[in-house]
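Spelled out from the first residue to the last, the chains are:
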Amino acid sequence: MDNSKLGNYLLFLNVIQEKINKFFYDQRAYIFCKRGCSKCCRQSQFPYTEIEFRLLMEGMRTLNQTDLTQVLENIDKVIKAKEEHFKNSPDNKFEYDCPFLINDGCSVYPYRGLICRCFGLMSCNPEGDNKLKIPFCAYEGLNYSNVLDKETDSMSKEKFEALGFENEPKAFNAGYGSLIDKEFARGFDFEFGEVKPLIEWFEKFGKPEKRDDY
Ligand code: SF4
Ligand code: SF4
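About the cut-offs
Residues numbered from 1 in each chain as written. Chains lettered and ligands numbered in written order. Predicted model: local features only at pLDDT ≥ 70, side-chain atom pairs only at ≥ 80, totals over all residues. Helix = DSSP H or I, 4+ residues; strand = E, 2+ residues; numbered from the N terminus. Rg over C-alpha atoms; globule rule 2.2 N^0.38 Å. Contact = placed C-beta atoms within 7 Å. Core = buried A, V, L, I, M, F, W, Y, C linked by C-beta atoms within 7 Å. Buried ≥ 20, exposed ≤ 12 C-beta atoms within 10 Å, placed from the backbone. Expected span 1.5 Å × (residues − 1). Arc of directions from axis to C-beta. Axes fitted to C-alpha atoms, helices over the stretch in contact; angles between N-to-C directions. Parallel < 35°, antiparallel > 145°, perpendicular 65-115°, else oblique. Nonpolar A, V, L, I, M, F, W, Y, C, P; charged D, E, K, R; others polar.

Some points on the overall build of the protein
Part 1 of the argument: Counting secondary structure elements, the protein contains eight helices and six strands.
Part 2 of the argument: Shown N-terminal to C-terminal, the secondary structure of the protein runs as helices and strands in the order α-β-α-α-β-β-α-β-β-α-α-α-β-α.
Part 3 of the argument: What you see for the protein is a C-alpha radius of gyration of 18 Å, in line with the 17 Å of a compact globule of 214 residues.
Part 4 of the argument: Along the longest, intermediate and shortest principal axes, the C-alpha atoms of the protein span 55 × 45 × 35 Å.
Part 5 of the argument: Within the protein, residue pairs in contact and separated by at least 24 positions form 73% of the contacts whose partners lie at least 6 positions apart.

Shown next, in the form of structure tokens:
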């Protein structure tokens, strides 16, 4: 794999991560993420661009042998489950637990993709449908559940006012589509490349069998 632009991607990531951190801080009254909660790493597709996948592979190099073995087994299981899934229901999308999830924690946390960094925030994509996207865990008593109006699928002004918080519940103004904007990347002299569900990158490049294979 060509990793020559990874450094440029990391510079971009520093800028984006700072924005994401500030946004999480602003919204902290509505955020109930805690260690051991891994619902957002399960039963999803996990879109990754090629450069995000390359950084994830750098993270894979840092795993100890036990965790590496576990992740490789998880990848195998997901690929097999995907084959079965499409044999039985070819028209339905395939969702899976992330293979990097070990004991309810991310084994490659500093190397995770952009989608993982925004899990749990409300978002809207001004360059897409501009629709408010409420995190699924709001409906399970977690993020934003304290201001969620389930009947209207929106934030309740009454609940916000009753709680007396300073900052209103707000959407991060960038869905995944705008985070991987080509022009933004060009400014940092790298390209995101194609987007695929995480597991498909392993199908494309093959699963590393040992540390030196990637
Ligand atoms: S890479 Fe880490 S944070 Fe992202 S889905 Fe997988 S386990 Fe979760
Ligand atoms: S985003 Fe939701 S599901 Fe994910 S860790 Fe936070 S509270 Fe848990």
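Looking at the environment of K150
Part 1 of the argument: Among the structural elements, K150 can be located in the loop between β4 (148-149) and β5 (154-155).
Part 2 of the argument: Sequence spacing of K150 and A138 is 12 residues, and the spatial spacing of their C-alpha atoms is 9.2 Å.

Considering the nonpolar core
Part 1 of the argument: Counting residues in hydrophobic clusters, the biggest one holds 41 residues, and the most contacted among them are Y48, L56, M122, Y144, L148, F172 and L198.
Part 2 of the argument: Of all the secondary structure elements, the ones that give two or more residues to this core are α1 (6-26), α2 (50-61), α3 (65-88), α4 (114-118) and α8 (198-205).
Part 3 of the argument: Excluding residues within four positions of it along the chain, Y144 makes contact with Y30, M122, I134, P135, A138 and P169.

Describing unusual backbone geometry
Part 1 of the argument: Phi is positive for Q43, close to 45°, though the residue is something other than glycine.
Part 2 of the argument: Its location among the elements puts Q43 in the loop between α1 and β1 (47-49).
Part 3 of the argument: Note on Q43: 11 C-beta atoms within 10 Å, which makes it exposed.
Part 4 of the argument: Non-glycine residue D153 carries a positive phi angle of around 55°.
Part 5 of the argument: By the element assignment, D153 lies in the loop between β4 and β5.

So, the environment of C37
Part 1 of the argument: Checked against the element boundaries, C37 lands in the loop between α1 and β1.
Part 2 of the argument: Once the C-alpha coordinates of C37 and G105 are considered, the two residues, 68 residues apart in sequence, prove to be 7.9 Å apart.

Some thoughts on α1
What sets the pattern is the α-helix's 3.6 residues per turn: residues three or four places apart point alike.
Part 1 of the argument: Here α1 is 21 residues long and its end C-alpha atoms lie 30 Å apart, about the 30 Å a rise of 1.5 Å per residue gives.
Part 2 of the argument: Taken together, the buried positions of α1 are Y9, F12 and L13. Summarising the axial view, the buried residues of α1 lie within an arc of 105°, below the 170-degree limit, and thus occupy one face. Exposed side chains of α1 directed beyond 90 degrees from the buried face belong to G7, L11, N14, V15, E18, N21, K22 and Y25.
Part 3 of the argument: Residues of α1 that are buried in the fold lie against α2 and α7 (182-187).

Considerations on the packing of α3 against α8
Part 1 of the argument: The N-to-C vectors of α3 and α8 enclose an angle of 95°; their axes lie 10 Å apart at closest approach. Considering their axes alone, α3 and α8 lie roughly perpendicular with respect to each other. Mapping the contact onto sequence places I75, V78, I79 and K82 in α3 and I199, F202 and E203 in α8.
Part 2 of the argument: Residue composition of the contact of α3 with α8, grouped by class: five nonpolar, no polar and two charged.

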